[in-house]
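Chain residues, written in single-letter form:
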Amino acid sequence: MTPTLLLPILITSNTSIESIEIRAAKDLLHTNNFNHTKANVVSSNKVTTANNTIADWLTKIPSFSLNGQGGLYQSYSVRGLSRWRVKTSINNIPVLTDRRAGNSASFIDPSLIDTASVIAGPTSMLYGSGAIAGVVSIESASFQAPTIKLSVTNSDNARSILAANGDDKTSFAFAHRLADEGQAANKETLYSAYEQSSAGFTNKTKISDKYTIQTRWLGSLSKDVQKSSAEDFLKKHSIYPEDIHSLTDISLVSDSWVLNIFDHYQNWDSTVTRVGKRENLTSYQSHTIGSSFYKEDKYLSAPIRYGFDWVSRVGVKINDKEKSYSSDSLHEKTLIDGSYHNFGSFIQGAFAVNEIEFNAGTRVDAIQLNNLKDSRTEQFLSGNISAKYDFNNQHSSLISVGNAFRFPTLTELYFNGVTPRGVTLGNQNLKTESSTSYEFAHSIKFNEVEFKGVYFKTRLYNYIERVSLNENTRSYINLDKAEISGVELSAAYMFDKNIKSTLSYSTQAGENEDGNTLNDISPTKMSFVTEFNLDNFQFITDIYYRGKHLEVGPAESTLASMISANINTRWFINEEFEVSMGVTNLLNKLYRTTADEDAPFANERRIKLNVSWHRF
């Protein structure tokens, strides 16, 4: 996997990168040399939802949807693909975990986050295994003066505090938040309580005119995080009693290359209680370590980039303790004791033929996976090519083709234990997933109007599907072939410098070779967002429509159509004080969060009040 740290370098057309911030999520907006596909970026001041999770930030992006069950660790999908098919990174560190629902980044308080972005489409050429759907990239915030933020929310009685300070070189912050159980619009209790402490540190030092070193650290401790579900809490409930994460990345940047090393330590527990029967405590821990080297150069006057990266998960241990209430017995066993190693190298170039811009690149990966006495190795060659043509200043078209892959995880292969959904059995015979994706996009810019339309199709081979063996047992199988296609549209209109509206629409369809609908295909959705900036006020309205979802996968339930709305207003009292108020689910609608068979209802109407002080 190539961490997103490598991408900011591409902002320039020459080899000088000295003055560029190491902030991939922002710089991706200006990456024109090698990436025709732009990232959709959301900054912290544009969020209109309850802002509990990173998934909340990104729901307005056409290719992005919520997925799985609810609660703090809400998972997500990109273009109908979810779980380990979406690569997630925080500060260029790949987030690799053992959660069956996918790699949630919600163990970090959103108040410590500056931007979150989505690159949709196959990106294995840069990111290696797991980037079939695309990449969700998160960048932490830095603070250059004393800052205090307080917030409270009704309904679930959520409250949070942030204290931070810093200057041009160093920044540090601490955040704490907690919430009680929430309620749906019908007053049904939503078991989504949690408590979480997070901290962040950044130091950026210019060693010389040519070299800059940056060190970033994020840490978190979460306690008693309830897994919100449609199941009867009085019969079975799930909770994460403790969840510890520590992420460190160190980057050395010269005028033509970048060297990055990183570490992600995680140690967390999951408890599943079947009231009156038994309790299972499953403990997870691992270290994700790695490094990457990236260089930009020129060959025959054409820009090229090349590099290598290494990612390893070591000390991956999953243990289960089962306590029976009927016999008062205790059984312990080791489910996984393994490691994962991925070495990759890539090269990519940009060139033009008759005013058509081409980007082409290839990558080779070697993967080794070990668990107890079993071992697996595999190599994979991936690549992509895209062509962009500007008809004039207003019309531009893009065609791209790429392939990607995903090596089965330790959990899919070897885990045989109890999860919040029931018993999960691994399948050691799983094959590596692969995909070939096609995309056609056309954009129009005319005066104050900007329009973009995208059609995509992804063909999947050896698609790994989770299946039910009985009411309480699940496992994984390979489907020979599957296909997902969809359309994404967006239109933005700038009425004047103070008012902007954006309308977005997306629809998807996905089937296996027998014509059966795949899990995780998103319902048709539409979002209409308007932003008003008037003197010392900012006002954002977000109207959201989700169509009927009747064609569902084997682990899903149908959804009725619904319309919802959010609003957020900010009042800049003076240069130091700001007050904001947001209302989520303004119409107090009762609806399921996703099509997942265990998905809970959405929270009732919630009002969130924020007060922040920032000294200049």
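Residues numbered from 1 in each chain as written. Predicted model: local features only at pLDDT ≥ 70, side-chain atom pairs only at ≥ 80, totals over all residues. Heavy atoms only, no water.

### Re the overall build of the protein chain
- Helix and strand counts for the protein chain come out as 4 helices and 34 strands.
- Taking 25 Å as the expected radius of gyration for a compact globule of 616 residues, we find that the protein chain reaches 24 Å, a close match to that expectation.
- Dimensions of the protein chain along its principal axes, counting C-alpha atoms only, are 75 × 60 × 50 Å.
- Considering the protein chain as a whole, with its 616 residues, one finds that 55% of them fall into the buried category. (Helix = DSSP H or I, 4+ residues; strand = E, 2+ residues; numbered from the N terminus. Rg over C-alpha atoms; globule rule 2.2 N^0.38 Å. Buried < 20%, exposed > 50% of the residue type's maximum accessible area, 1.4 Å probe, protein only.)

### Description of the sheet that holds strand S8 (residues 134-140)
- Judged by pairing direction, the sheet is mixed, and its 5 strands sit side by side in the order S1-S7-S8-S5-S6 without closing on themselves. Sheet topology places strand S1 (40-43) and strand S6 (93-94) at the edges, where each strand pairs with a single neighbour.
- In this structure, S1 lies alongside strand S7 (residues 113-120), joined through 4 bridges in antiparallel fashion. If you follow Val-41 over to S7, its bridge partner there is Ser-117. (Pairing = 2+ DSSP bridges.)

### Examining the environment of His-331
- With respect to the helices and strands, His-331 occurs in strand S20 (residues 330-353).
- Separated by 51 residues in sequence, His-331 and Asn-280 place their C-alpha atoms 9.5 Å apart.
- Among residues more than four places away in sequence, those in contact with His-331 are Asp-320, Lys-321 and Glu-322. (Contact = heavy atoms within 4.5 Å.)

### Here we look at empty space enclosed by the protein
- For the structure on display, the rule yields 13 cavities of 30 Å³ or more.
- Size it by volume and the largest cavity reaches roughly 900 Å³.
- If you go around the largest cavity, you meet 49 residues; those closest to its centre are Asp-56, Leu-66, Gln-74, Tyr-591 and Thr-593.
- In terms of residues, the lining of the largest cavity owes the most to one element, strand S2 (residues 64-67), which gives 4 residues.
- Residue classes in the lining of the largest cavity are distributed as 17 nonpolar, 21 polar and 11 charged. (1 Å grid on protein atoms, 1.4 Å probe; cavity = no way out; pocket = protein on both sides within 12 Å on 5 of 7 lines; lining within 4 Å. Points joined across faces, edges and corners; volume = space filled by probe spheres on them. Nonpolar A, V, L, I, M, F, W, Y, C, P; charged D, E, K, R; others polar.)

### Considering the nonpolar core
- Grouped together as the largest cluster of nonpolar side chains are 46 residues, with contacts concentrated most on Leu-58, Phe-64, Ile-90, Ile-108, Val-136 and Ile-138.
- Grouped together as the second largest cluster of nonpolar side chains are 27 residues, Leu-72, Tyr-284, Tyr-414 and Ile-464 included. (Core = buried A, V, L, I, M, F, W, Y, C linked by side-chain atoms within 4.5 Å.)

### Let's talk about the sheet that holds strand S4 (residues 81-82)
- Pairing is antiparallel in the open sheet, where 3 strands are placed in the order S2-S3-S4. Either end of the sheet is taken by a strand with one partner, and the two such strands are S2 and S4.
- Two elements, strand S3 (residues 75-78) and S4, share 2 bridges in a ladder whose sense is antiparallel. Across the sheet, the residue bridging to Ser-77 is Ser-82, located in S4.

### Some points on the pattern of salt bridges
- Tallied over the full model, the rule gives 22 salt bridges.
- Across the salt bridge formed by Glu-604 and Lys-187, the nearest N and O atoms sit 3.0 Å from each other. Placement of the pair is Glu-604 in the loop between strand S33 (577-584) and strand S34 (606-614) and Lys-187 in the loop between strand S12 (182-183) and strand S13 (189-190), with a sequence separation of 417 residues.
- Glu-604 gets classed as buried once you look at its relative accessible area, which sits at 8%.
- What makes Lys-187 exposed here is its relative accessible area of 52%.
- Here the residues in one salt-bridge network are Arg-85, Arg-406, Glu-412 and Glu-433, joined through shared partners. (Salt bridge = Lys/Arg side-chain N within 4 Å of Asp/Glu carboxyl O.)

### A word on unusual backbone geometry
- Positioned with a positive phi, Ser-301 is a non-glycine residue whose angle comes to about 70°.
- Structurally, the position occupied by Ser-301 is in the loop between strand S18 (278-299) and strand S19 (302-324).
- You will see that Asn-447, though not glycine, has its phi angle at about 55°, which is positive.
- Note on placement: Asn-447 falls in the loop between strand S26 (433-446) and strand S27 (449-470).

### Quick word on the environment of Thr-411
- Relative to the assigned elements, Thr-411 resides in helix H4 (residues 410-414).
- Along the sequence, Thr-411 and Ser-443 sit 32 residues apart, while their C-alpha atoms lie 41 Å from each other.
- Other than its neighbours up to four places away in sequence, Thr-411 contacts Trp-84, Asp-98, Arg-100, Ile-318, Ile-336, Gly-426 and Tyr-476.

### Here we look at the pairing of strand S5 (residues 86-90)
- With 5 of its 5 residues buried, S5 lies for the most part within the structure.
- Here S5 shows two buried faces, one formed by Val-86, Thr-88 and Ile-90 and the other by Lys-87 and Ser-89.
- Pairing of S5 with S8 involves 5 bridges; the strand directions are parallel. Directly across from Val-86, in S8, lies its bridge partner Gly-134.
- Sheet analysis places S5 next to S6, joined by 2 bridges and oriented antiparallel. Considered in S6, the bridge of Ser-89 is made with Pro-94.
- Between the antiparallel neighbours S5 and S6 lie 2 residues, among them Asn-91 with a positive phi of about 50°.

### Observations concerning the side chain of Thr-271
- Relative to the helices and strands, Thr-271 is located in strand S17 (residues 257-274).
- On the accessibility criterion, Thr-271 (9% relative accessible area) is buried.
- Those residues in contact with Thr-271 that sit more than four places away from it in its chain are His-237, Ser-238, Ile-239, Pro-241, Glu-279, Asn-280 and Leu-281.

### Quick look at the packing of aromatic side chains
- By the definition in use, this model includes 13 aromatic pairs.
- Judged by centre distance (4.6 Å) and plane angle (85°), the ring pair of Tyr-493 and Phe-495 falls under edge-to-face.
- We classify Phe-495 as partly exposed; its relative accessible area is 48%.
- One aromatic cluster in this structure is built from Tyr-73, Tyr-240, Trp-268 and Tyr-284.
- Positioned over the ring face of Phe-456 is Arg-79, at 4.6 Å from the centre of the ring.
- In this arrangement the basic side chain of Arg-592 is found over the ring face of Phe-601, its NZ or CZ atom lying 3.7 Å from the centre. (Phe/Tyr/Trp six-rings, centres within 6.5 Å; stacked < 30°, edge-to-face > 60°. Lys NZ or Arg CZ within 6 Å of the ring centre and 35° of its normal.)

### Some details on a nonpolar patch on the surface
- On the surface, Ile-148, Leu-150, Val-152, Ile-161, Met-581, Ile-607, Leu-609 and Val-611 cluster together into a nonpolar patch covering about 610 Å² of accessible area.
- For the nonpolar patch, the secondary-structure elements that each account for two or more residues are strand S9 (147-153) and S34.
- Residue position: Leu-150 is located in strand S9. (Patch = residues over 30% accessible without salt bridge, like charges linked within 9 Å, V, L, I, M, F, W, Y side chains within 5 Å. Areas by Shrake-Rupley, 256 points an atom, 1.4 Å probe, with all protein chains shown as cover.)

### Section: the confidence of the model for the protein chain
- Looking at the protein chain, pLDDT values average 85 and 92% of them are 70 or higher.
- pLDDT under 50 marks residues 1-31. Its contacts with residues more than four places away, or in other chains, come to 113 contacts. (pLDDT = per-residue confidence, 0-100.)

### A closer look at the side chain of Ser-397
- Looking at the secondary structure, you find Ser-397 in strand S23 (residues 395-406).
- For Ser-397, a relative accessible area of 11% gives the class buried.
- For Ser-397, the side chain forms a polar contact with the side chain of His-442, separated by 2.6 Å. (Polar contact = N/O pair within 3.5 Å; in protein donor to acceptor, adjacent residues only side chain to side chain.)

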